[in-house]
Amino acid sequence: MSTSLPPETPTPASASITLQQFWRSLRRSYPLVLGVALGVTVAVSFYVLGKTKIYRATTTVKIEPASIRPLGDDVQTPGENAENYWWNKEYYETQYRIIRSRRVAEEVSRRLGLHKDPTFLRNLPSGSPVETPAEAPTLIDAANVVQSRLEVTPVKNSRLVELSFEDAEPARAKRVLTTLSEVYIEQNLEAALASRGSAGLWLNGQLGKLKAELEKSEIELHEYKKSKQLLSASLDDQSNMLRAEMQQLNTELTGARAKREQLMAHVTQLNRVSAERPEELPAAELLNSELLRSLRSSYVEAQSQAQSLRGQGKGENHPEMQSAAARAGTAREALLAEVRNVQEAYRRDLTAAEREITGLAGLYESAKKRALDLNLLEIEFNRLSRTKENTEKIYGLVLERAKESDLTGQMRFNNIEVVDPPLLPRAPVKPWVSLSIAAGLFGGLALGVALVFAREQLDRRVKAPSDVEQYVALTCLAVFPSIASEATGTKGRPLGRKARASARGAAPELQVHRQPSGALAEAARALRTNLVFMAPDRPFARILVTSPSPAEGKSTVACSLAITMAQAGKSVLLLDADLRRPRIAQVFDVPNGGGVTSALLEPNGIEQYLVPSEVPNLFLLPSGPLPPNPAELLHSASFERLLETLGKRFDRIVIDSPPLGPVTDAAILSRLVDTTLLVVRSATTMKEAARGAVRALRAVSAPIAGAVLNDVSDRSHDYGYQYYAYQRTGEGGRTNDAPPPPTA
């Protein structure tokens with residue numbers, strides 16, 4: 001037995017379907033999609049054609065941000081600011097809402113008596129029969145109807161606005177829109193005149209107050225100047241003189257402070273001169289004093305002579321050394337004395353600079369105090385003068401505006417006019433018959449597609465090889481066609497199961513032998529080839545065939561696989577290990593008196609229970625009498641020894657076992673074979689059942705070769721059956737394929 005390990009458990013696939021799978025579902029379910037689309041289109045057509053025709057009247061109105069100004073551009077109505085972008089935006093939005101306001105709609109309804117017209121309220125043509133309502137409609141009800149049918153559309157990049165009104169009666173739509181534009185223009189003019197009149201009254205009322213305030217401010221300014229003995233010109237002159245004096249004092253004070261810092265720097269540098277090394281003088285002092293440079297040069301020269309004599313080996317007591325030392329001492333004393341003189345001169349200059357700074361600071365503070373005192377007088381004077389000037393300006397402005405307001409109130413100019421009056425509508429705008437029918441068609445198609453998608457998402461059955469690989473996580477080794485595809489009546493129509501059995505005189509599991517050129521035989525040979533190529537060096541000798549649930553075709557697959565292997569020249573044993581519902585004996589029409597259970601009781605008499613079949617090289621081992629405990633029997637050491645004995649006798653052993661779902665027999669047998677085939681029936685096996693079967697096999701570490709998709713109809717082109725459909729008999733009874741020669 002091969003020791004190949006089962007593959008690792010793959011990650012479960014998601015429940016979403018791919019675009020290719022969805023396209024296949026659409027192809028398969030196109031009648032449903034077309035039916036839904038047709039039904040929705042017909043329903044929409046009846047609904048649209050039964051609706052009342054609606055007409056639309058349109059007029060164009062021009063709205064200027066500001067009214068005409070006969071008195072000039074400087075004269076504005078209160079609230080106007082036509083040059084401001086945001087003001088214009090808010091103004092136009094306000095006008096749009098005024099057009100749609102209830103006040104305008106009520107006035108239109110009152111003038112036309114719309115609240116007394118039931119056909120208008122229900123949007124019906126004039127003369128249509130209408131039931132009289134129990135409660136009489138009011139102006140507000142009619143105004144609400146007018147508002148609901150009115151549409152205001154600004155014309156982009158212009159000062160125009162389009163007003164549209166929809167009604168079932170063309171003449172009534174024109175009449176309502178004409179009246180509405182007239183009411184809006186009239187109310188706008190009345191509002192403008194009212195605002196101008198209110199502004200004029202307010203301005204005239206403010207004139208008296210402002211005149212009294214102006215006279216009061218003039219008296220207060222005069223009294224202040226008289227009490228302080230001030231003249232406006234003298235204040236300005238004194239202020240300028242003090243400002244110039246303070247600037248000059250500040251400049252001189254700044255220079256004195258800078259000079260003091262410079263003298264202090266010189267003193268600090270000279271204080272650092274050491275009596276031991278007087279030659280290390282600051283460079284600035286050497287540049288400023290010729291005497292210091294001369295004395296420093298003499299001292300340095302005397303020091304150099306003394307160093308030269310020492311270099312010649314002369315001691316301190318040598319006459320020349322004593323003479324050089326005396327000259328160096330004299331030069332040193334002279335240099336230090338001159339340094340002290342310079343230091344004393346800088347100190348005197350520093351003292352003078354301090355006195356100068358003190359005097360300049362006192363003068364500056366005195367001038368500053370006089371300037372502050374003058375500022376106090378000037379501040380009060382300027383306050384009184386400013387109050388008088390402001391009051392005078394406001395009084396002049398209000399006086400001018402009051403006169404302008406009186407004049408503009410007498411003029412009736414409007415900033416709104418009708419550019420294009422409404423015309424009588426010729427064609428209805430609603431309902432949109434063509435567009436609605438097209439929308440119904442596309443909506444029906446979308447609904448049909450959505451139904452197909454929902455059905456595919458809710459359908460949990462395994463139907464295609466891609467479902468096997470995606471949801472079951474196994475390789476699909478072969479696709480077995482439906483038995484109904486292999487037998488057809490005289491008119492080319494598929495026969496039923498009983499009709500096929502009576503016509504051929506054999507069970508459908510033997511069609512591979514009886515019809516070697518059929519699609520089922522080709523599928524079985526493909527399965528055999530895939531198994532051979534999966535293990536070319538160590539072919540599978542024991543092959544277990546099982547399924548997740550009963551009635552999924554595992555016996556058909558087992559028989560077909562065993563027949564094709566026998567046709568390839570190998571000695572094959574078909575072992576019926578389904579000790580609960582055996583079928584092999586019934587398929588091959590052989591007695592089931594002895595078999596697996598009998599061979600387990602008589603290990604040395606296995607040959608007597610082997611039954612040759614009508615297929616060359618194929619032997620059968622039926623189940624035998626059914627035991628009360630099949631699972632314990634298959635799990636026994638006797639059954640394992642039986643398989644070892646049969647393995648020496650036959651090249652291949654194909655085992656038909658019970659399904660994995662109801663019982664554990666197949667899971668027990670999977671540990672004793674080289675590989676396991678899981679049979680999944682198309683459009684019958686549930687995805688959860690198939691995954692549960694795989695989990696049961698992997699739980700016992702069973703080797704799994706893959707899955708076989710069974711009972712696929714040749715008309716299901718979207719299930720990957722195109723190849724097998726191609727193998728069907730062509731014209732004249734000639735087949736497109738012949739049985740392959742025996743292979744390993």
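Along every chain, residues carry numbers that run from 1 in the direction the sequence is written. Only residues with pLDDT of at least 70 get local features here, since the model is predicted, and only at 80 or more are side-chain atom pairs given and counted; chain-wide, interface and lining totals rely on the full set of residues. As a rule here, side-chain values come from all non-hydrogen atoms in the structure, and water together with hydrogens is ignored.

Comment: elements are numbered from the N terminus, with helices defined as DSSP H or I runs of at least four residues and strands as E runs of at least two. Looking only at helices and strands, the protein chain has 24 helices and twelve strands in total. In the protein chain, buried positions account for 42% of the 744 residues. By definition in these notes, contact holds between two residues if any of their heavy atoms fall within 4.5 Å. Taking the contacts inside the protein chain whose residues are at least 6 apart along the sequence as the reference set, 80% of them involve residues at least 24 apart. Taken as a whole, the protein chain presents about 40,400 Å² of accessible surface, with 54% of it coming from carbon and sulfur. Each residue is assigned to one of three classes by its accessible area relative to the maximum for its type, calculated with a 1.4 Å probe on protein chains only: buried under 20%, partly exposed between the two thresholds, exposed over 50%. Surface accessibility follows the Shrake-Rupley procedure with a 1.4 Å probe radius. Residue values consider only the protein chains on display as shielding.

Turning our attention to the nonpolar core. Buried Ala, Val, Leu, Ile, Met, Phe, Trp, Tyr and Cys residues that are joined via side-chain atoms within 4.5 Å together make up what is termed a nonpolar core. With 41 residues, the main nonpolar core has Phe480, Leu527, Leu531, Leu574, Phe588, Leu618 and Leu677 as its most contacted residues. Not counting the four nearest positions on each side in its chain, leucine 527 is found in contact with Leu477, Ala478, Phe480, Val557, Leu561, Leu677 and Val708. One finds Ala105, Ala143, Val152 and Tyr184 within the second-largest nonpolar core, a separate group that totals 30 residues.

Moving on to the confidence of the model for the protein chain. Confidence along the protein chain averages 80 in pLDDT terms, with 80% of residues attaining 70 or more. Per residue, pLDDT measures the predictor's confidence, with a range of 0 to 100. The model gives residues 487–505 a pLDDT under 50, and that stretch makes 27 contacts with residues more than four places away or in other chains. Here residues 717–744 scores under 50 on pLDDT; set against residues more than four positions off or in separate chains, the count is 54 contacts.

Before going further, it helps to spend a moment on the sheet that holds strand 2 (residues 150–154). Strands belonging to one sheet form pairs held by backbone hydrogen bonds; the direction of such a pair is parallel or antiparallel. Spatial strand order, 2-3-1-4: four strands in an open sheet with antiparallel pairing. The sheet is open, and its two edges are formed by strand 2 and strand 4 (416–420), each paired on a single side. Sheet twist, expressed as the mean angle between neighbouring strand axes with direction ignored, is 30°. In this sheet, strand 3 (residues 160–167) lies alongside strand 2 in antiparallel orientation, the contact comprising five bridges. Its bridge partner lying in strand 3, glutamate 151 is registered against serine 164. Working convention: axes come from line fits to C-alpha atoms, limited for helices to the stretch in contact. Angles between N-to-C directions cover 0 to 180 degrees. With respect to the sheet, helix 3 (residues 85–99) is in contact with strand 1 (55–63), strand 2, strand 3 and strand 4, its orientation differing from that of strand 2 by roughly 165°. Should DSSP find at least two bridges between two strands, the strands are regarded as paired.

The next point concerns the sheet that holds strand 11 (residues 675–681). Strand order in the open sheet made by the eight strands is 5-12-11-6-10-7-9-8, with mixed pairing throughout. Both edges of this open sheet fall to strand 5 (476–481) and strand 8 (611–612), since each of them pairs with a single strand only. Where strand 8 meets strand 9 (residues 618–621), two bridges bridge the pair, whose relative direction is antiparallel. The residue bridging valine 611 from the neighbouring strand is leucine 620, located in strand 9. Against the sheet, helix 23 (residues 687–699) contacts strand 11 and strand 12 (704–712), and its axis sits at roughly 170° relative to strand 11.

We now examine unusual backbone geometry. Here the amide bond leading from lysine 430 into proline 431 is cis, since omega sits at -5°, within 30 degrees of zero. The residue proline 431 is located in the loop between strand 4 and helix 12 (433–458) in this model. Positive phi values are uncommon outside glycine, yet serine 701 reaches one of about 60°. Tracing the backbone shows serine 701 in the loop between helix 23 and strand 12.

Another aspect to go through is helix 2 (residues 30–49). In this model, helix 2 (20 residues) spans 28 Å end to end at C-alpha, consistent with the 28 Å of a helix rising 1.5 Å per residue. Within helix 2, the full set of buried residues consists of Val33, Val36, Ala37, Thr41, Ser45 and Val48. One side of helix 2 carries all its buried residues, which in axial view fall inside an arc of 165°. Away from its buried face, by an angle of more than 90 degrees, helix 2 presents the exposed residues Leu38, Phe46 and Tyr47. Take the residue count of a helix, subtract one, and multiply by 1.5 Å to get its expected span. The arc in question is traced by the directions running from the helix axis to the C-beta atoms.

Counting buried residues in strand 6 (residues 542–546) gives five out of five residues, a clear majority hidden from the surface. Covered by surrounding structure in strand 6 are Arg542, Leu544 and Thr546 together with Ile543 and Val545, the residues of both alternating faces. Sheet topology places strand 6 next to strand 11; four bridges connect them, and they run parallel. Of the residues in strand 11, the one forming a bridge with leucine 544 is threonine 676.

With respect to burial, strand 11 is a largely interior element, six of its seven residues being buried. Alignment of strand 11 against strand 12, held across six bridges, turns out to be parallel. Across the sheet, residue valine 679 finds its bridge partner in strand 12, namely valine 708.

To continue, consider helix 17 (residues 554–567). An α-helix turns once per 3.6 residues; consequently, residues spaced three or four apart project the same way. For helix 17, built from 14 residues, the straight-helix expectation of 20 Å at 1.5 Å per residue is met to within 8% by its first-to-last C-alpha distance of 20 Å. Of all 14 residues making up helix 17, 13 are buried, and the element is well covered by its neighbours. Following helix 17 by one or two positions, glycine 569 adopts a phi angle in the positive range, close to 95°.

Attention now goes to the packing of aromatic side chains. In this scheme Phe, Tyr and Trp rings, the latter by its six-membered ring, pair at centre separations within 6.5 Å, and the angle between planes marks the pair as stacked below 30 degrees, edge-to-face above 60, and tilted otherwise. A complete count under the given rule lists five aromatic pairs for this structure. On the basis of an interplanar angle of 10° and a centroid distance of 5.1 Å, the ring pair of tryptophan 87 and tyrosine 91 is categorised as stacked. Of this pair, tryptophan 87 and tyrosine 91 both sit in helix 3, four residues apart, roughly one helical turn. Owing to a relative accessible area of 14%, tyrosine 91 belongs among the buried residues under this scheme. Ring centres of phenylalanine 120 and phenylalanine 165 lie 6.3 Å apart, and the angle between their planes is 10°; this geometry places the pair in the stacked category. One end of the pair, phenylalanine 120, is in helix 5 (residues 118–121); the other, phenylalanine 165, is in strand 3, with 45 residues separating them in the sequence. The same class applies to phenylalanine 120 and to phenylalanine 165, which are both buried. Taken together, the ring pairs in this structure connect Trp87, Tyr91, Tyr92 and Tyr96 into an aromatic cluster. By the criterion adopted, a ring carries a charge over it if an Arg CZ or a Lys NZ lies within 6 Å of its centre and within 35 degrees of its normal. If you follow arginine 149 out to its NZ or CZ, it ends over the ring of phenylalanine 120, 4.6 Å from the centre. Over the ring of phenylalanine 650 we find arginine 649; its NZ or CZ atom is 4.5 Å from the centre of that ring.

Our next topic: a nonpolar patch on the surface. A cluster of nonpolar side chains, Leu32, Leu447 and Leu451, forms an exposed patch at the surface whose accessible area comes to about 230 Å². One can find leucine 447 in helix 12. Residues enter patches when their relative accessible area tops 30% and they take part in no salt bridge; the joining distance is 9 Å for like charges and 5 Å for the nonpolar side chains Val, Leu, Ile, Met, Phe, Trp and Tyr. Throughout this description, the term salt bridge denotes a Lys or Arg side-chain nitrogen within 4 Å of a carboxyl oxygen of Asp or Glu.

Applying the stated criterion across every chain, the model contains 21 salt bridges. Between arginine 172 and aspartate 117 there is a salt bridge whose closest N-O contact spans 3.3 Å. Residue arginine 172 is located in helix 7 (residues 170–228), and its partner aspartate 117 is located in the loop between helix 4 (102–112) and helix 5; the two are separated by 55 residues in the primary sequence. Its relative accessible area of 22% is what places aspartate 117 among the partly exposed residues. Between aspartate 665 and arginine 580 there is a salt bridge; the shortest N-O distance is 2.9 Å. With aspartate 665 in helix 22 (residues 665–669) and arginine 580 in the loop between strand 7 (572–576) and helix 18 (584–588), this residue pair connects regions lying 85 residues apart in the sequence.

Within the secondary structure layout, phenylalanine 46 lies in helix 2. A relative accessible area of 67% means that phenylalanine 46 is categorised as exposed.

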